[in-house]
Amino acid sequence: MTTRRDVMMGGAALAAASAMPAFAQGLSPLGTSKTALSHYLRRHAKENGGRIDGVKVVDYVHGLGGGGAQLALPPDTDVKALRARLDKYGMFIQGDVDLLTRHMNDLPAFEKQLRLYKDLGADAVRAVCFVGRRYVTFKTLQEYKDWKVTATRALDACLPVAEKVGIPLAMENHKDRTIDEEVEVLQKYSSEHLGATVDFGNNIAMCDDPMDVIVKLAPYAKTTHMKDMAVAKTSDGFLLSEVLFGDGFLDIPAMWAVLKKANPALKPVHEMITRDPLPIPVLTDQYWATWPDRGGVFLARTLRMVEANQSKKPLPTISDLDADAQLQVEQSNNIKCFEWGAKALA
């Protein structure tokens with residue numbers, strides 16, 4: 001019998017993977033995010049004239065053993081065909097939107113996109129108001145304040161559309177706000193159609209405690225970006241890396257238990273991004289430019305955490321690999337995440 005580990009990327013195997021049956025014990029309850037499929041999706045889009053074919057992507061995720069997918073789908077997606085494929089496999093789907101790219105300026109198109117996800121049976125749409133890293137993108141406090149104004153306008157425009165359609169936006173803690181700033185936004189709108197995509201690791205880069213993030217976002221949790229994290233000291237701060245479940249220092253079972261207690265219907269989605277570690281330059285002046293009043297306790301606590309949890313092995317890197325090899329590593333990572341989910345989340 002062919003197992004998930006037999007499905008390796010390269011040449012004809014890339015196409016064959018979509019037809020690969022899930023392994024014997026059934027699908028993992030764990031779904032995957034689009035970012036955990038980034039190498040595959042780039043290849044897929046290139047081979048499909050720049051277009052994402054939802055049916056083919058779901059076939060691929062199913063072939064790896066995944067129980068669901070969180071995807072940004074094109075407006076002309078064949079909803080009937082994709083819904084039939086999801087039902088056949090017993091998989092879930094969730095949407096993915098960037099509120100600042102075009103949606104706030106084209107609300108009819110945004111409504112159409114949300115209705116597409118609702119017709120597919122999605123229970124949430126992951127949403128971001130920022131793509132980047134606060135401590136890199138914004139050089140001054142004023143630049144960050146200007147972004148906050150734009151992000152508020154986007155939520156003001158888009159949330160009523162989500163409420164009209166009847167599907168919740170799940171705003172991710174996306175290296176844009178500290179955890180207390182994130183909760184402040186959620187409390188401000190206080191809408192059942194605005195919740196959280198709870199990312200387990202992002203706010204480590206913001207000098208927030210990872211379990212504190214989970215506890216504070218739990219009441220708003222609509223979906224997740226579940227991941228384990230590893231760290232290593234550098235001269236100007238530390239490196240932060242997504243790693244396979246069990247290879248990092250986060251207490252994933254405890255974190256998931258908090259979220260599941262708050263929302264028993266919550267579906268687990270992983271975001272094991274296959275990439276090089278990210279530098280977090282907390283010992284530079286530029287890092288602190290957008291939060292001049294944030295106390296030194298956050299820095300001290302974070303540096304202690306890094307010191308106590310330094311990875312005992314080198315953090316994974318892929319930049320020295322060619323595109324095919326990077327894709328193969330990503331596929332292996334997804335398979336291992338799904339296998340972990342089948343055991344840990346069953």
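About the criteria used
Residues numbered from 1 in each chain as written. Predicted model: local features only at pLDDT ≥ 70, side-chain atom pairs only at ≥ 80, totals over all residues. Heavy atoms only, no water. Buried < 20%, exposed > 50% of the residue type's maximum accessible area, 1.4 Å probe, protein only. Helix = DSSP H or I, 4+ residues; strand = E, 2+ residues; numbered from the N terminus. Pairing = 2+ DSSP bridges. Salt bridge = Lys/Arg side-chain N within 4 Å of Asp/Glu carboxyl O. Polar contact = N/O pair within 3.5 Å; in protein donor to acceptor, adjacent residues only side chain to side chain. Axes fitted to C-alpha atoms, helices over the stretch in contact; angles between N-to-C directions. Contact = heavy atoms within 4.5 Å. Parallel < 35°, antiparallel > 145°, perpendicular 65-115°, else oblique. Left-handed = near helix turned anticlockwise from the far one by under 90°. Nonpolar A, V, L, I, M, F, W, Y, C, P; charged D, E, K, R; others polar. Phe/Tyr/Trp six-rings, centres within 6.5 Å; stacked < 30°, edge-to-face > 60°. Lys NZ or Arg CZ within 6 Å of the ring centre and 35° of its normal.

> Would you mind showing me how to read the pairing of strand β9 (residues 237-243) here?
Side-chain positions along a regular strand alternate between the two faces of the sheet. For β9, a buried count of 6 out of 7 residues is recorded, marking the element as mostly surrounded by other parts of the structure. Where strand β8 (residues 228-234) meets β9, 7 bridges bridge the pair, whose relative direction is antiparallel. From the neighbouring strand, Thr-234 faces β9, where its bridge partner is Gly-237. The turn joining β8 and β9, which pair antiparallel and follow one another in sequence, is formed by 2 residues. Pairing between β9 and strand β11 (residues 278-280): 3 bridges, direction antiparallel. Paired with Leu-239 across the strands is Pro-279, a residue of β11.

> How should the pattern of salt bridges be read in this particular structure?
Pairing between side chains of opposite charge can happen when the charged atoms of each approach one another. This model, assessed by the stated rule, comprises 22 salt bridges. Note that Asp-87 and Arg-83 form a salt bridge whose closest N and O atoms lie 3.7 Å from each other. Here Asp-87 pairs with Arg-83, and both are found in helix α4 (residues 79-89), just 4 residues apart, close to one helical turn. Given the relative accessible area of 52%, Asp-87 is considered exposed. Shared partners join several salt bridges into a network, and the residues in it are Asp-199, Lys-227, Glu-242, Glu-271 and Arg-275.

> I would appreciate a short explanation of the side chain of Ser-38 in the present structure.
Tracing the chain through its elements places Ser-38 in helix α2 (residues 38-47). For Ser-38, a relative accessible area of 18% corresponds to the buried category. A polar contact of 3.3 Å, which involves the side chain of Ser-38, links it to the backbone oxygen of Thr-35.

> Which parts of the structure should I look at to understand the sheet that holds β8?
Think of a sheet as strands paired side by side through backbone hydrogen bonds, with each pair either parallel or antiparallel. If you trace the 3 strands from one edge of the open sheet to the other, you get β8-β9-β11, paired in antiparallel fashion. Where the open sheet ends on each side, the last strands, each with one partner, are β8 and β11. Ignoring strand direction, the axes of neighbouring strands in this sheet form an average angle of 30°. Most of the contacts of helix α11 (residues 296-308) go to β8, to which it runs at about 100°, and overall it touches β8 and β9.

> What's the story with unusual backbone geometry in this structure? I'm lost.
For residues that are not glycine, phi is negative in most cases, and the peptide bond is trans in most cases. The phi dihedral of Ser-190 falls on the positive side, at around 45°, and the residue is not glycine. Residue position: Ser-190 is located in the loop between α8 (179-189) and β6 (194-199). The backbone of Cys-207 sits at a positive phi, close to 65°, despite the residue not being glycine. Mapped onto the elements of the fold, Cys-207 is located in the loop between β6 and α9 (210-217). With a relative accessible area of 0%, Cys-207 lands in the buried category.

> What's the story with the packing of helix α5 (residues 107-119) against helix α7 (residues 141-165) in this structure? I'm lost.
Axes are the key here: two packed helices are described by the angle between their axes and the distance separating the axes. Running from N to C, α5 and α7 cross one another at 40°; their axes reach a closest spacing of 10 Å. The orientation of α5 with respect to α7, classified from their angle, is oblique. Here α5 and α7 pass one another in a crossing that is right-handed. For the pair α5 and α7, contact is made by Leu-107, Phe-110, Glu-111, Leu-114, Arg-115 and Lys-118 and by Ala-157, Cys-158, Val-161, Ala-162, Lys-164 and Val-165, respectively. The class makeup of the residues in the contact of α5 with α7 is 8 nonpolar, no polar and 4 charged.

> Looking at this structure, how should I read the pairing of strand β4 (residues 125-128)?
Burial of β4 is two-sided: the residues Val-125 and Ala-127 facing one way and the residues Arg-126 and Val-128 facing the other way are all buried. Judged from the 4 bridges that link them, strand β3 (residues 92-98) and β4 form a sheet pairing that is parallel. If you follow Asp-96 over to β4, its bridge partner there is Arg-126. Pairing between β4 and strand β5 (residues 169-172): 3 bridges, direction parallel. By the bridge assignment for β5, Ala-127 is matched with Met-171.

> Where do I start with the sheet that holds strand β10 (residues 269-270) in this structure?
Read across the open sheet, the 8 strands follow the order β7-β6-β5-β4-β3-β2-β1-β10; overall the sheet is parallel. Each edge of the open sheet is held by one strand with a lone partner, namely β7 (221-225) and β10. Examined bridge by bridge, strand β2 (residues 68-71) and β3 share 4 bridges and lie parallel to one another. Paired with Gly-68 across the bridge in β3 is Phe-92.

> Help me understand the side chain of Gln-94 in this model?
As for its position among the elements, Gln-94 is in strand β3. Once residues lying within four places of it in the same chain are set aside, the contact partners of Gln-94 are Ala-69, Gln-70, Leu-71, Ala-122, Asp-123, Ala-124, Lys-222, Thr-223, Lys-267 and Val-269.

> What am I meant to see in the packing of aromatic side chains here?
The description of an aromatic ring pair uses the distance of the two centres, along with the angle that the planes make with each other. Using the criterion set out here, one finds 11 aromatic pairs in the structure. Here Trp-288 and Trp-291 contribute two aromatic rings whose centre-to-centre distance is 6.0 Å and whose plane-to-plane angle is 65°, an arrangement assigned as edge-to-face. These aromatic residues form a ring-pair network of at least three members: Phe-130, Phe-138, Tyr-144 and Trp-147. Taking the ring centre of Phe-92 as reference, the NZ or CZ of Lys-267 above it sits at 6.0 Å. Positioned above the aromatic ring of Trp-291, the side-chain terminus of Arg-294 is 5.5 Å from the ring centre.

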